Amino acid sequence: MPNISQKGALMPQSPIRKLVPYAEKAYKQGKTVYHLNIGQPDIKTPEIALDAVKINSLDILAYTRSEGSDEYRAKIANYYAKHDIIVEKEDIIVTTGGSEALLFAFGSIMDVDDEVIIPEPFYANYNGFSTASGVNIVPVISKIEDNFALPPIEAFEKLITPKTKAILICNPGNPTGYLYTKEEIKKLAEIVIKHDLFLIADEVYREFAYDGITHYSIMQEENLKEHAIIIDSVSKRYSMCGARIGCLVSKNKDVISTALKFAQARLSPPTLAQIASEAALQTPQSYFDEVKSEYVTRRDLLISELEKIPGIKVAKPKGAFYCIVELPVKNADAFAQWLLEHFDVDGETVMVAPAAGFYSTPGVGLNQIRIAYVLQKESLIKAVNIIKEALKVYKD
């Protein structure tokens, strides 16, 4: 029997989706499952985006350009200008989700065995992207006790080697909800310029910045012109996860021309999804104001309810719609599976994401979970109560 590749064998399993079979079994048993495990917003997609597809009169569903349509990229550039990010359409490549943009970025700037420094915990798929690209993640550990703040600059500089090619951040952060300050971005800018590195920022949650704090993009740093790469997506911004449209943005012409080679290899991003995403750019600010207000209310409610549970720690997010919770258990993976297989309150249970998969350091985050507060407030209260009751009887 032929063997699969070593790379394939090393590809990590998603901590978010590996519990799906247990959730499906719970459904078959007639249980209600509250999904705190995945960042699928329950906010309605803007009607203007859906209508653009419904009423479209295309006769042929043709390819677009590999870098995305001129019209859409020009409108993306106008969107960025409203956020004080000045780029041209030529600085943008439309991708099949933010995931493809990350793969293009990794492939364009790093070779096999090169290194990328990432503050952890981080978006779990960064592990997969690095494995697929043959790149090594060098983690800088941030701690729940510090609300996952950026570690001291010295912690980064100690890790830089001749193999280091980039620093990657998610801002606001998945899974922590941490929002980098302007001062922190400037410190990172100093490092990458000093050591001639790239700074990649996954900014897909840009709109979700709370408590009066304004998101500060790496592209607002003029001196990062040749160093900055933005990863972006419509998935969370417009509640359009299924559209699978994102983009890679850089003023570095070599990065763009190289990434375009990868884009040409997959021909083009999906046409109908680009049409919907282009229309979504007309979404009024009132939509985002309402969404932000809703998520702040959910966040405050979730944190308040979690803090009532004895023995847990929770970091308060400043952005996105996730938080990391440290539980009084030895193994959150086993606890999460047990919740689905063996526990319910009046026929209801909860699905959470074990947080160990959001680290690359072995043995870290074993007693943590990530919660996505993408449910209605009543459901959040019920879900947290289920966790509270479960912890009263759970045995490691």
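Anything mentioned here points back to the structure above.
Analysis parameters
Residues numbered from 1 in each chain as written. Predicted model: local features only at pLDDT ≥ 70, side-chain atom pairs only at ≥ 80, totals over all residues. Heavy atoms only, no water. Helix = DSSP H or I, 4+ residues; strand = E, 2+ residues; numbered from the N terminus. Rg over C-alpha atoms; globule rule 2.2 N^0.38 Å. Contact = heavy atoms within 4.5 Å. Areas by Shrake-Rupley, 256 points an atom, 1.4 Å probe, with all protein chains shown as cover. Lys, Arg positive; Asp, Glu negative; His and termini not counted. Charge placed at Lys NZ, Arg CZ, Asp CG, Glu CD. 1 Å grid on protein atoms, 1.4 Å probe; cavity = no way out; pocket = protein on both sides within 12 Å on 5 of 7 lines; lining within 4 Å. Points joined across faces, edges and corners; volume = space filled by probe spheres on them. Nonpolar A, V, L, I, M, F, W, Y, C, P; charged D, E, K, R; others polar. Pairing = 2+ DSSP bridges. Axes fitted to C-alpha atoms, helices over the stretch in contact; angles between N-to-C directions. Left-handed = near helix turned anticlockwise from the far one by under 90°. Buried < 20%, exposed > 50% of the residue type's maximum accessible area, 1.4 Å probe, protein only. Phe/Tyr/Trp six-rings, centres within 6.5 Å; stacked < 30°, edge-to-face > 60°. Salt bridge = Lys/Arg side-chain N within 4 Å of Asp/Glu carboxyl O.

**Describing the overall build of the protein chain**
Each helix and strand in the protein chain was counted, giving 13 helices and 13 strands. Relative to the globule expectation of 21 Å for 396 residues, the C-alpha radius of gyration of the protein chain, 21 Å, shows essentially globular dimensions. Dimensions of the protein chain along its principal axes, counting C-alpha atoms only, are 60 × 60 × 55 Å. Taking the contacts inside the protein chain whose residues are at least 6 apart along the sequence as the reference set, 76% of them involve residues at least 24 apart. With the model as given, the accessible surface of the protein chain reaches about 17,400 Å², and the carbon-plus-sulfur share is 52%. Computed over 44 positive and 51 negative side-chain charges, the inter-centroid distance for the protein chain is 3 Å.

**Here's the deal with the layout of surface pockets**
Approximately 500 Å³ is the volume attributed to the largest pocket. Forming the walls of the largest pocket are 23 residues, and the residues nearest its centre are Tyr79, Lys82, His83, Glu207 and Gln285. Of all elements in the fold, only helix H4 (70-81) and helix H11 (285-306) reach the threshold of two or more residues within the lining of the largest pocket. In terms of residue class, the lining of the largest pocket is built from 8 nonpolar, 9 polar and 6 charged. Within this model, the second largest pocket holds a volume of roughly 430 Å³.

**Notes on the sheet that holds strand S12 (residues 353-354)**
Spatial ordering of the open sheet is given by S9-S10-S13-S12, a layout of 4 strands whose pairing is antiparallel. Two strands close off the open sheet at either side, each with one partner strand: strand S9 (313-314) and S12. Pairing geometry for S12 and strand S13 (residues 368-372), over 2 bridges, is antiparallel. Residue pairing across strands places Pro354 opposite Ile369, the latter belonging to S13. Packed onto the sheet, H11 meets S9, strand S10 (322-326) and S13 and runs at close to 5° relative to S10.

**Considering the packing of helix H3 (residues 47-54) against helix H10 (residues 271-280)**
Close contact between H3 and H10 brings their axes to 7 Å; oriented N to C, the two are set at 145°. Between H3 and H10 lies a crossing whose hand is right-handed. Contact with H3, carried on its side by Ile48, Ala49, Ala52 and Val53, involves Leu272, Ile275, Ala276, Ala279 and Ala280 of H10 and no other residues of that element. Of the residues that constitute the contact of H3 with H10, the class distribution is 9 nonpolar, no polar and no charged.

**Things to note about empty space enclosed by the protein**
Applying the stated criterion across every chain, the model contains 4 cavities of 30 Å³ or more. As for the largest cavity, its lining consists of 20 residues, and the residues nearest its centre are Pro119, Pro121, Cys170, Thr176 and Tyr180. At the level of elements, strand S3 (115-120) and strand S5 (164-170) are the ones that each hand at least two residues to the lining of the largest cavity. For the lining of the largest cavity, the element with the most residues is S5, which contributes 3 residues.

**Some thoughts on the environment of Pro151**
Among the secondary structure elements, Pro151 is positioned in the loop between strand S4 (136-141) and helix H7 (153-157). Since its relative accessible area comes to 9%, Pro151 is described here as buried. As a C-alpha pair, Pro151 and Lys7 span 144 residues in sequence and 31 Å in three-dimensional space. If we skip the residues at most four places from it in the chain, Pro151 touches Val140, Ile141, Ser142 and Phe156.

**Considering the packing of aromatic side chains**
Counted under the stated rule, the structure contains 18 aromatic pairs. Aromatic pair Phe208 and Tyr295: ring centres 5.6 Å apart, planes at 85°, arrangement edge-to-face. With Phe208 in the loop between strand S6 (198-202) and strand S7 (228-233) and Tyr295 in helix H11, the pair connects residues that are 87 residues apart, well separated along the chain. For Phe208, a relative accessible area of 1% translates into the label buried. By relative accessible area, Tyr295 is classed as buried at 1%. Seen in terms of ring centroids, Phe208 and Phe321 are 5.6 Å apart; in terms of plane orientation they differ by 65°. Their pairing is edge-to-face. Of the two residues, Phe208 sits in the loop between S6 and S7 while Phe321 sits in the loop between S9 and S10, which places them 113 residues apart along the sequence. For Phe321, a relative accessible area of 0% corresponds to the buried category. Three or more aromatic residues joined by ring pairs form one cluster here, namely Tyr205, Phe208, Tyr295, Phe321, Tyr322 and Tyr373.

**Let's talk about the environment of Lys31**
Within the secondary structure, Lys31 sits in the loop between helix H2 (20-28) and strand S1 (32-35). Overall, Lys31 belongs to the buried group, its relative accessible area being 12%. Measuring from C-alpha to C-alpha, the distance between Lys31 and Val350 comes to 9.9 Å, with 319 residues separating the pair along the chain.

**Re the pattern of salt bridges**
A side chain of one charge can pair with a side chain of the opposite charge if their charged atoms are brought near each other. The final tally for this structure, using the stated rule, is 25 salt bridges. Linking Asp91 and Lys253 is a salt bridge whose minimum nitrogen-to-oxygen distance equals 2.9 Å. Of this pair, Asp91 sits in the loop between H4 and strand S2 (92-95) while Lys253 is found in helix H9 (residues 253-265), placing the two residues 162 residues apart along the sequence. The buried category is assigned to Asp91, whose relative accessible area is 5%.

**Here we look at the environment of Ala26**
Within the element layout of this structure, Ala26 appears in helix H2. Considered as a pair, Ala26 and Glu348 are 322 residues apart in the sequence and their alpha carbons are 9.2 Å apart. Sequence-distant contacts of Ala26, defined by excluding residues within four places in its chain, comprise Lys31, Val33 and Leu340.

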